[in-house]
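Topology and contacts: notes
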2 protein chains.
Amino acid sequence: VNGAVPSAEDSAFPLESLPYGVFSPSGGSRRIGVAIGDFVLDVPGAAPALGLGGDDAELLSAPVLNRFMAAGPATWRRVRRLLVEALGDAGLRDTLAPHLHRRESVSLHLAFEVADYVDFYSSEHHASNVGRILRPGTDPLPPSWKHFPMGYHGRAGTVVVSGTPVRRPWGQELEAGGNAPRFGPSGRLDAEVEVGFVVGVGSEVGSPVEASSFADHVFAICLLNDWSARDIQALEYVPLGPFLGKSFATSVSPWLVPLDALEAARCAPPPRDTPLQPYLVEASPWGLDLALELECNGTVVSRPPFAGMYWTAPQQLAHLTVNGASLRTGDLYASGTVSGAAPSEWGSLLELSWNGTRPLRLGDGSERSFLEDGDVVTIRGTARGIAGRRISLGEVTGSILPARAGRSA
Amino acid sequence: VNGAVPSAEDSAFPLESLPYGVFSPSGGSRRIGVAIGDFVLDVPGAAPALGLGGDDAELLSAPVLNRFMAAGPATWRRVRRLLVEALGDAGLRDTLAPHLHRRESVSLHLAFEVADYVDFYSSEHHASNVGRILRPGTDPLPPSWKHFPMGYHGRAGTVVVSGTPVRRPWGQELEAGGNAPRFGPSGRLDAEVEVGFVVGVGSEVGSPVEASSFADHVFAICLLNDWSARDIQALEYVPLGPFLGKSFATSVSPWLVPLDALEAARCAPPPRDTPLQPYLVEASPWGLDLALELECNGTVVSRPPFAGMYWTAPQQLAHLTVNGASLRTGDLYASGTVSGAAPSEWGSLLELSWNGTRPLRLGDGSERSFLEDGDVVTIRGTARGIAGRRISLGEVTGSILPARAGRSA
């Protein structure tokens, strides 16, 4: 099938995907775009050709997606239908051509303004590995882990788009055998493979959002790297949880894949072995068959399977709001590190190097326990699509800058 | 001394205070105001009489303080000087009168859009009490407590202004002797007396803010009630910290008291018994002599002294950013519960009732371990002013609504 964009169907971004992002062409201002084949469609530029009504065109003329996200599922579906029709129509090839930019020629930006950011901890394999590494001799899972999806609030102001370099943080760390913390650059900088969920439609304080209302509120998913300084985190996390060990940067992919593109990826989560409170029972499953990969300096070091996550995104949403906390447009919540059962499926260097005791070997022959300055970390992902195909979630990448100079212990 | 506002000098809000807020007169729209005596000055309305320049008048014509807060200390001081001159001038009484609204006749709103919200844990007495109550038999202070100000991110989207009722949250709680959590309304709802610090001027990612730059970034303080559901918190906080036990609501006072009004309140923090990393050393002290009180249903149950806080606001700011995390206009960070050494100075019901084992007696003869539906909690505060006077920080109040019906375990 040929549509308005040549060879889109053989690309990472076929017609069934159509993720949204914010881009600027060389020298141009920020605008909303849709990835199709090797191109980005300038949505406000193409609005008349797409048949977008005045209200929809207005929502999509902003430099961020928030207003469109807030408009809700009826608007999302109407616009998606128009995009599918126009981009699937070979007769519109000449009409749309002026509004298509080659993807490698544009700059990609953070697609939405982040309101609150929450990070969950929903892979049983990851949580068990972390427990075994950090709290040996105790039950690896926290006692409540199977009763609800555990999470915490992170720093919304340091969520950055893929490609933004990440500077190695300074912090207080306890060296092995030391009895007072030292102050210095983190020596245990890590990446975490995660999937982010972006809230479009907010909710009222005091009104919990049911798991079954997931698709009425959540607009899209993205890939997310929850950069972590393990030494800073280890010293600070009792009793208030992760803080400076995480807050220096969280990277997200530029392309937001709408839930409507993920129907074929839905699957049942793993069987539960602990009874669930009613608010956590899902009527229809929103596990997702996403294949993820973690790459360091060109070597794929892990392939975490998202389908094995114990807690699903609707369960996380229901838990996040069950106390009456409200949602806002732009809220971002992340799955927690995605780790499978096999070591080749673990989603962090902490696990892959077993806290530095089993360094990884990269393609260039070098070893890694944690990240070194100059390392480039990339997370990629695909979702199961129609007829056995896979659609791309794009990628989130970042390189490590050396720690800032000029401070001393 | 008589100025433009009769008897302002004998009131809670004299000329040396001049806190900023956002108000709406009956039927009117939101605008920036300044509290003076029993009145609120409509700042944009009075802009010509105040001699505000076009740029300053423009910043102050918004329905929230964020743009003015972002403008920085030179602007804050220029505007404050004009306000002091005009409001101190009895000759302007007739000119300003049309722009003065009686305080009890207006509605007060959240004065700024909250970016990120961080809550610290900086009272040694509070942290020790909580340790003794929740982790008996262990060292009451976490091992790192004296090495840096511990904190965590809270939910910015549920920060509400004083007067907003707070609905009792549902959640999962472990009953004494139970082995699986039950799901129900929190039975251990608490208040926490805190002071909030409001960031005006942001910072760049990767550039820590020095403690000595505190007053270049922080615009003002407010009173803050960190409502807490102790049963939900107890079940969830290991290992990721407080989450749903806090995220249902955080209340702040409507009046933001500028740092420039607090010079006379500055004092040295308590002596430190543990060496500090250089980034936590303060050249000049920003402890604050604030007298706080916690009232439940008209009975003052505690008078926490803020001057005894171990960690100061500049130290908290330096720690928050030492890993390179950036600040944004509207960031709010809170002191943590303010508790003094004496039981009459403890800032939460958890401490005052020693986890429910010693209920408080209120003025109406009733007992309280934790909050009941309909209870009204008010935090008030004053700061040491010039010549032995005290200036008001206003109050933050909220009543408890019964838990939402219609859910069952």
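As a reminder, the structure under discussion sits directly above these lines.
Since the structure is predicted, the reported quantities are computational estimates derived from the model, not experimental observations.

Brief notes about the overall build of chain A
Helix and strand counts for chain A stand at 10 helices and 26 strands. In terms of overall size, chain A behaves like a compact globule, its C-alpha atoms giving a radius of gyration of 21 Å where 409 residues would be expected to give roughly 22 Å. Based on the C-alpha atoms only, the size of chain A along its principal axes is roughly 70 × 50 × 40 Å. Counting over 409 residues, chain A shows a buried share of 62%. Residue pairs at least 24 apart in sequence account for 72% of intrachain contacts in chain A once pairs closer than 6 positions are excluded. For chain A, the exposed surface amounts to about 14,000 Å²; the carbon and sulfur share of it is 52%. With 33 positive and 44 negative side-chain charges, chain A shows a separation of 3 Å between the mean positions of the two kinds.

What to know about the relation of the copies chain B and chain A
Two chain copies here: they are related by a rotation about an axis and a translation along the same axis. Aligned on chain A, chain B shows an RMSD of 0.0 Å; the corresponding rotation is 180 degrees and the shift along the axis is 0.0 Å. The symmetry that links the two subunits is that of a two-fold axis. Ranked by how close their C-alpha atoms come to the rotation axis, the residues of chain B are headed by Gly 241 of chain B, at 2.0 Å. Of the interface residues in chain B, 100% have counterparts in chain A that sit at the interface too, so the contact is made through matching surfaces.

What to know about helix H1 (residues 43-50) of chain A
All names here are of chain A. All of the buried residues in H1 are Val 43, Ala 46, Ala 47 and Leu 50. Seen from one end, H1 has its buried residues packed into an arc of 150 degrees, which puts them on one side. Along its buried surface, H1 packs onto strand S2 (31-36), strand S3 (39-42), helix H2 (54-59), helix H4 (73-87) and helix H5 (93-96). Among the residues of H1, the N-terminal cap falls to Asp 42, whose side-chain oxygen and the backbone nitrogen of Gly 45 are separated by 2.8 Å. The first or second residue beyond H1 is Gly 51, which carries a positive phi of 75 degrees.

Some details on the interface of chain B and chain A
The figure often quoted for interface size is the accessible area lost as the parts come together. Taken residue by residue, the interface counts 60 residues in chain B and 60 residues in chain A. Summed over both sides, the interface between chain B and chain A buries roughly 5,500 Å², with carbon and sulfur atoms accounting for 57% of that surface. In terms of surface lost to chain A, no three residues of chain B exceed Arg 155, Leu 240 and Phe 243 of chain B, which account for 15% of the buried area on that side. Connecting chain B to chain A are two salt bridges. When the shortest N-O distance is used, the salt bridge between Arg 155 of chain B and Asp 331 of chain A registers 2.9 Å. Our enumeration of links across chain B and chain A arrives at 22 residue pairs in polar contact (both at pLDDT 80 or more). Of all the secondary structure elements, the ones that give two or more residues to the side of chain B that touches chain A are strand S6 (117-120), strand S7 (151-154), strand S10 (170-173), strand S11 (182-185), helix H8 (230-240) and helix H9 (313-321) of chain B. In terms of residue count, the dominant contributor to the side of chain B that touches chain A is H8 of chain B (six residues).

Let's talk about the sheet that holds strand S9 (residues 166-167) of chain B
Residues and elements named next belong to chain B. As summarised here, the arrangement of the five strands in space is S9-S26-S25-S20-S21, forming an open sheet in which the pairing is mixed. The open sheet has two edge strands, S9 and strand S21 (299-302), and neither has a second partner. Here seven bridges tie strand S20 (residues 290-296) to strand S25 (residues 376-384), and the two strands are oriented antiparallel to one another. Note that in S25 the partner of Leu 294 across the bridge is Ile 379.

Considerations on the state of the cysteines
Joining two cysteines, a disulfide is a covalent bond between their sulfur atoms. Residue and element names in this part refer to chain A. Considering all chains together, one arrives at zero disulfides over all chains under this definition. The structure places no disulfide on Cys 222, whose sulfur is separated from the nearest cysteine sulfur, that of Cys 267, by 18 Å. Residue class for Cys 222 comes out buried when judged on its relative accessible area of 2%. Cys 267 sits in the buried class, given a relative accessible area of 15%.

Quick look at the environment of Pro 208 of chain B
Residue and element names in this part refer to chain B. Within the secondary structure, Pro 208 is located in the loop between strand S13 (193-199) and helix H7 (214-217). On the basis of relative accessible area, Pro 208 is assigned to the buried category, the value being 12%. Spatially, the C-alpha atoms of Pro 208 and Phe 112 are 24 Å apart, while their sequence positions differ by 96 residues.

Examining the sheet that holds strand S1 (residues 20-24) of chain A
Residues and elements named next belong to chain A. One open sheet holds the five strands; their spatial order is S4-S3-S2-S1-S5, and the pairing between them is antiparallel. The sheet terminates laterally at strand S4 (100-102) and strand S5 (107-109), the two strands that pair on one side only. Across this sheet, the average inter-strand angle for adjacent strands is 45 degrees, counted without regard to direction. Pairing of S1 with S5 involves three bridges; the strand directions are antiparallel. When the sheet's bridge partners are listed, Phe 23 is paired in S5 with Leu 108. Here H4 sits on the sheet in contact with S1, S2 and S3, set at roughly 70 degrees to S1.

Some remarks on the pattern of salt bridges
For the structure on display, the rule yields 58 salt bridges over all chains. Between Arg 380 of chain B and Glu 295 of chain B there is a salt bridge, with the nearest N and O atoms lying 2.7 Å from each other. On the criterion of sequence distance, the pair formed by Arg 380 of chain B in strand S25 and Glu 295 of chain B in strand S20 is long-range, its members being 85 residues apart. Members of the salt-bridge network, linked through shared partners, are Asp 190, Glu 192, Asp 226, Arg 230 and Lys 246 of chain A.

Regarding helix H8 (residues 230-240) of chain A
Counting buried residues in H8 of chain A gives nine out of 11 residues, a clear majority hidden from the surface. Taken together, the buried positions of H8 of chain A are Arg 230, Asp 231, Ile 232, Gln 233, Leu 235, Glu 236, Tyr 237, Pro 239 and Leu 240 of chain A. If you follow the buried residues of H8 of chain A, they end up packed against strand S10 (170-173), strand S12 (189-190), strand S15 (228-229) and helix H10 (349-352) of chain A together with S7 and H8 of chain B. Immediately beyond the C-terminal end of H8 of chain A, within one or two residues, lies Gly 241 of chain A, with a positive phi of roughly 90 degrees.

Quick notes on the packing of aromatic side chains
Under the criterion given, the structure shown has 32 aromatic pairs over all chains. Here the aromatic rings of Phe 197 of chain B and Phe 306 of chain B are separated by 6.4 Å at their centres, their planes lie at 40 degrees, and the arrangement is tilted. You can see Phe 197 of chain B sitting in strand S13 and its partner Phe 306 of chain B sitting in the loop between S21 and H9, a full 109 residues away along the chain. For Phe 197 of chain B, a relative accessible area of 1% gives the class buried. With relative accessibility at 7%, the residue Phe 306 of chain B sits in the buried group. Here the aromatic residues Phe 120, Phe 197, Phe 214, Trp 286, Phe 306 and Tyr 333 of chain A together with Phe 243 of chain B are joined through ring pairs into a cluster of three or more.

A closer look at the pairing of S7 of chain B
Residues and elements named next belong to chain B. Side chains Gly 151 and His 153 of S7 all project onto a buried face; the interleaved residues Tyr 152 and Gly 154 project onto the opposite face, where all are buried too. Note that S6 and S7 share four bridges and pair antiparallel. Each bridged residue has a counterpart across the sheet, and for Val 118 the counterpart in S7 is His 153.

Thoughts on the side chain of Arg 368 of chain A
Residue and element names in this part refer to chain A. Along the chain, Arg 368 falls in strand S24 (residues 367-368). Within polar-contact distance, the side chain of Arg 368 engages the side chain of Ser 366 at 3.1 Å. Excluding anything up to four places from it in sequence, Arg 368 contacts Asn 297, Ser 353, Pro 359, Leu 360, Leu 362 and Asp 375.

What about the nonpolar core?
Judged by nonpolar contacts, the single largest core of 154 residues is most densely connected at Phe 197 and Tyr 333 of chain A together with Phe 197 and Tyr 333 of chain B. Phe 197 of chain A has contacts with Phe 214, Val 218, Ala 220, Ile 221, Leu 288, Phe 306, Ala 313, Asp 331, Leu 332 and Tyr 333 of chain A, leaving out every residue within four places of it along the chain. With 46 residues, the next largest nonpolar core counts Leu 50, Leu 59, Tyr 117 and Leu 224 of chain B among its residues.

Cut-offs applied
- The written sequence of each chain sets the order in which its residues are numbered from 1.
- Just so you know, chain letters begin at A and ligand numbers begin at 1, following the order they were written in.
- With pLDDT at 70 or above as the cut-off, local features in this predicted model cover only qualifying residues; side-chain atom pairs require 80 or more to be listed or tallied, and sums for whole chains, interfaces and linings still use all residues.
- Only heavy atoms go into the side-chain values, all of them from the structure, while hydrogens and water stay out.
- To qualify as a helix, a DSSP run of H or I must reach at least 4 residues; to qualify as a strand, a run of E must reach at least 2; elements of each kind are numbered from the N terminus.
- C-alpha atoms define the radius of gyration in this analysis, and the globule rule sets the expected value at 2.2 Å times the number of residues to the power 0.38.
- Buried means the residue's accessible area, taken with a 1.4 Å probe over protein chains only, is under 20% of the maximum for its type, while exposed means over 50%, and partly exposed covers the values in between.
- Any two residues having at least one pair of non-hydrogen atoms within 4.5 Å are treated as being in contact.
- Only the protein chains shown count as cover for residues, and all accessible areas are computed by the Shrake-Rupley method using a 1.4 Å probe.
- The convention is simple: Lys and Arg are positive, Asp and Glu are negative, and His and the chain ends are not counted.
- Each charge is placed at NZ for Lys, CZ for Arg, CG for Asp and CD for Glu.
- Residues below a pLDDT of 70 in either copy are left out; the C-alpha atoms of the rest, at least 70 in both, set the least-squares superposition of the copies.
- Within this analysis, the arc is defined by the directions that extend from the helix axis to the C-beta atoms.
- Identification of polar contacts relies on pairs of N or O atoms within 3.5 Å, with a donor-acceptor requirement for protein atoms, meaning one able to donate a hydrogen and the other able to accept it, and with residues adjacent in sequence counted only if both atoms are side-chain atoms.
- Accessible area, probed at 1.4 Å, shrinks when two parts are joined; the buried area is that loss added up over both.
- The term salt bridge refers to a pairing of a side-chain nitrogen on Lys or Arg with a carboxyl oxygen on Asp or Glu at a separation within 4 Å.
- When DSSP finds two or more bridges between two strands, those strands count as paired.
- Throughout, a disulfide means two cysteine sulfur atoms within 2.5 Å of one another.
- For helices, the fitted axis covers only the stretch in contact; all axes are lines through C-alpha atoms, and the angles between them, taken along N-to-C directions, range from 0 to 180 degrees.
- Stacked, tilted and edge-to-face are the three classes applied to pairs of Phe, Tyr and Trp rings, where Trp contributes its six-membered ring and a pair requires centres within 6.5 Å; stacked means planes under 30 degrees apart, edge-to-face means over 60, and tilted covers the rest.
- Working definition of a nonpolar core: buried Ala, Val, Leu, Ile, Met, Phe, Trp, Tyr and Cys residues. They are joined through side-chain atoms within 4.5 Å.

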